[in-house]
Protein chains: 4
Amino acid sequence: MAPILTVDVTFGDCDPAGIVFYPNIFRWMDAAFQKFLRPIGGHRAVEEEFGSIGLGLADAQAQFRSTIREGDLLDVFLSVEKWSGRSVTLRYEGRVGERLAFESREVRCLFIRTESGIVAGDIGALRSKLEEAS
Amino acid sequence: MAPILTVDVTFGDCDPAGIVFYPNIFRWMDAAFQKFLRPIGGHRAVEEEFGSIGLGLADAQAQFRSTIREGDLLDVFLSVEKWSGRSVTLRYEGRVGERLAFESREVRCLFIRTESGIVAGDIGALRSKLEEAS
Amino acid sequence: MAPILTVDVTFGDCDPAGIVFYPNIFRWMDAAFQKFLRPIGGHRAVEEEFGSIGLGLADAQAQFRSTIREGDLLDVFLSVEKWSGRSVTLRYEGRVGERLAFESREVRCLFIRTESGIVAGDIGALRSKLEEAS
Amino acid sequence: MAPILTVDVTFGDCDPAGIVFYPNIFRWMDAAFQKFLRPIGGHRAVEEEFGSIGLGLADAQAQFRSTIREGDLLDVFLSVEKWSGRSVTLRYEGRVGERLAFESREVRCLFIRTESGIVAGDIGALRSKLEEAS
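Here goes a summary of the coordinates provided. (Residues numbered from 1 in each chain as written. Chains lettered and ligands numbered in written order. Predicted model: local features only at pLDDT ≥ 70, side-chain atom pairs only at ≥ 80, totals over all residues. Heavy atoms only, no water.)

### Comments concerning the interface of chain D and chain C
Item 1. If you look at the interface, chain D gives 25 residues, while chain C gives 26 residues.
Item 2. When chain D packs against chain C, the two sides together hide about 2,000 Å² of surface, and 60% of this comes from carbon and sulfur.
Item 3. Where chain D meets chain C, there are zero salt bridges.
Item 4. The interface formed by chain D and chain C includes eight residue pairs in polar contact (both at pLDDT 80 or more).
Item 5. With eight residues, the single largest contributor to the side of chain D that touches chain C is strand S2 (residues 54–64) of chain D.
Item 6. A per-class count over the side of chain D that touches chain C returns 14 nonpolar, four polar and seven charged. (Contact = heavy atoms within 4.5 Å. Buried area = accessible area lost by both parts, 1.4 Å probe. Salt bridge = Lys/Arg side-chain N within 4 Å of Asp/Glu carboxyl O. Polar contact = N/O pair within 3.5 Å; in protein donor to acceptor, adjacent residues only side chain to side chain. Helix = DSSP H or I, 4+ residues; strand = E, 2+ residues; numbered from the N terminus. Nonpolar A, V, L, I, M, F, W, Y, C, P; charged D, E, K, R; others polar.)

### Some words on the nonpolar core
Item 1. The biggest cluster of nonpolar side chains holds 75 residues, and the ones touching the most others in it are Phe26, Leu74 and Phe102 of chain A together with Phe26, Leu74 and Phe102 of chain B.
Item 2. Among the nonpolar cores identified, the runner-up in size contains 74 residues, and Leu90 of chain C together with Leu5, Leu55 and Val96 of chain D belong to it. (Core = buried A, V, L, I, M, F, W, Y, C linked by side-chain atoms within 4.5 Å. Buried < 20%, exposed > 50% of the residue type's maximum accessible area, 1.4 Å probe, protein only.)

### Points about the pairing of strand S1 (residues 5–8) of chain C
All names here are of chain C.
Item 1. Side-chain alternation along S1 places Leu5 and Val7 on a buried face and Thr6 and Asp8 on a face that remains uncovered.
Item 2. With four bridges connecting them, S1 and strand S3 (residues 73–84) associate as antiparallel partners. From the neighbouring strand, Asp8 faces S3, where its bridge partner is Leu73. (Pairing = 2+ DSSP bridges.)

### A look at the relation of the copies chain C and chain B
Item 1. Expressed as a screw transformation, the operator carrying chain C onto chain B has a rotation angle of 180° and an axial translation of 0.0 Å, and the superposed copies differ by an RMSD of 0.0 Å. The two molecules are tied by a two-fold rotation axis, judged by turn and shift. Taking the C-alpha atom as reference, chain C places Val7 of chain C closest to the rotation axis, 5.0 Å from it.
Item 2. A high fraction, 100%, of the interface residues of chain C reappear at the interface in chain B, so the copies pair face to face through one surface. (Least-squares fit on C-alpha atoms with pLDDT ≥ 70 in both.)

### Here's the deal with the packing of aromatic side chains
Item 1. Applying the stated criterion across every chain yields a total of 18 aromatic pairs over all chains.
Item 2. Between Tyr22 of chain D and Phe26 of chain D, the ring centres sit 6.3 Å apart and the planes meet at 70°, which makes this aromatic pair edge-to-face.
Item 3. Look at Tyr22 of chain D and you get buried, because its relative accessible area is 5%.
Item 4. We classify Phe26 of chain D as buried; its relative accessible area is 0%.
Item 5. Aromatic rings pair up to connect Tyr22, Phe26 and Phe64 of chain A together with Tyr22, Phe26 and Phe64 of chain B into one cluster.
Item 6. For the cation-ring pair, Arg108 of chain C lies above Phe33 of chain C, with the distance from its terminal atom to the ring centre recorded as 4.0 Å. (Phe/Tyr/Trp six-rings, centres within 6.5 Å; stacked < 30°, edge-to-face > 60°. Lys NZ or Arg CZ within 6 Å of the ring centre and 35° of its normal.)

### A short note on helix H2 (residues 42–50) of chain C
Residue and element names in this part refer to chain C.
Item 1. When H2 is considered as a whole, its buried residues turn out to be Gly42, His43, Val46 and Phe50. One face of H2 carries all of its buried residues, which in axial projection span an arc of 145°.
Item 2. Taken together, the buried residues of H2 touch helix H1 (23–36), strand S2 (54–64), strand S5 (99–114) and helix H3 (124–133).
Item 3. Phi turns positive one or two residues past the end of H2, at Gly51, with a value near 60°. (Arc of directions from axis to C-beta.)

### Let's talk about the interface of chain C and chain B
Item 1. Taken together, the contact between chain C and chain B spans 16 residues of the former and 16 residues of the latter.
Item 2. Buried area between chain C and chain B, summed over both chains or domains, comes out near 1,400 Å², and the portion from carbon and sulfur atoms is 41%.
Item 3. Its largest share of buried area at the contact with chain B, chain C owes to Phe11, Arg38 and Glu70 of chain C, together 33% of the area lost on that side.
Item 4. At the boundary of chain C with chain B, the tally comes to four salt bridges.
Item 5. The salt bridge involving Asp8 of chain C is made with Lys35 of chain B; its shortest N-O contact spans 3.3 Å.
Item 6. Counting across the chain C and chain B interface gives eight residue pairs in polar contact (both at pLDDT 80 or more).
Item 7. At the level of secondary structure, the elements contributing two or more residues to the side of chain C that touches chain B comprise H1 and H2 of chain C.
Item 8. It is H1 of chain C that contributes the most residues to the side of chain C that touches chain B, five residues altogether.

### Some words on the packing of helix H2 (residues 42–50) of chain A against helix H3 (residues 124–133) of chain A
Residues and elements named next belong to chain A.
Item 1. Where H2 contacts H3, the two axes come as close as 11 Å, and the packing angle between them is 135°. As far as their axial angle goes, H3 and H2 are oblique. Here the hand of the crossing between H2 and H3 comes out right-handed. Facing Val46, Glu49 and Phe50 of H2, the residues of H3 in contact are Ala125, Leu126 and Lys129.
Item 2. For the contact of H2 with H3, the class distribution of residues is four nonpolar, no polar and two charged. (Axes fitted to C-alpha atoms, helices over the stretch in contact; angles between N-to-C directions. Parallel < 35°, antiparallel > 145°, perpendicular 65-115°, else oblique. Left-handed = near helix turned anticlockwise from the far one by under 90°.)

In structure tokens, the structure reads:
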């Protein structure tokens, strides 16, 4: 499997301990996800076609397996772990060469604005579209 | 319980969907944790006293319960959920007034550089120091 | 003059040199500007009332006078230096106590989408509104 | 001239106006500069060899010529505009294809900690080293 994203880690991604400031890892997961949506037109197409405010997060978690440093080329891999009626679970891996840097997951929903607030809409049509495109 | 941190959410914290870009929530959790260390001298004191490269992350996870928007005053609450020999589990809650915005956890270790790489050191002395200070 | 914003600088704002990563200073200038717009309803009100895509940047510059570190309380001061027909020049100062940390300027325009692209619109009505509100 | 850095702009780099949040442009300039230092070993080598706390900023400025959006491939070009005894002026250009997105400058010094505070040290030896390497 090819990485969906390769990050050339720089000085500004790192903190005073000299390693990547960990919220940046979630930033790169989101960037990977946005690239995953490009074959169907990106999040804007999703918003327009499905009347959604976005494919937002219900849950995110990461295990950090080894430190990432300036100059590392970080490969981010994305796979769909599970579709359910109203959410999709994505699985990520970050590697520097063969070395595992992080393993993580996101649960995302197709959030829709309704009269009673923001709710998670049916995600089936989006699934079909993504599966067709890939 | 008083919040350890209150964030005045602004334009630049939000994404094109008009809500907080989720990695910023982890950024604020880290800021809350760094404030938690201040009574014992902050992370620099931890590094010097314990010969550590930092109180780094082994694991982080968050459940997002409601959207956070520009202009929201986000209160971040921190509590220690569990100490074990080589890690501490922190529990966070983010609230906008009474409304729950997120619930999250971090597992942090006292990482130490050894000849065989970076390992999680004994965290007991740090625990004593933090409990004395609070 | 009171600061429009006070930043409690934390670990994650700093880089491996142990001082604030400089793009964050522009982030805080933007946050200060967004607070400056709040009395008239924030940037969303500006977008709706003036049909603008936002009060965007034409020019930004900063002189860095002394280093900012973790634990510093950074006061950000904002003043309007000059209104012209299609832009406003803002002046910022950042201070840690009495110590000057940075001096900076932004030139902002009311960007409007037209058939021939994005142009800077007349800013006079916005000026009146802001001057009334303050 | 080849770009020193190409940024694949994503959702999370953009703000609620749907365009790049401008402090990110300074973040990318810094990333470009850090890559410029790599042939001589990066900022860590500079710190070790010259006893410096880093090649920090004295001044930064940018003119924003056109908006950058999600999906844009932003090429960042770097050139040295001028060396003086205690500073170097860098010139940047950002382009999306042929379209000019920004023009900017940084003045950087080799900051050194002395008994009387942080001062800008002689930058001549660094200049020689960089010119040899390129």
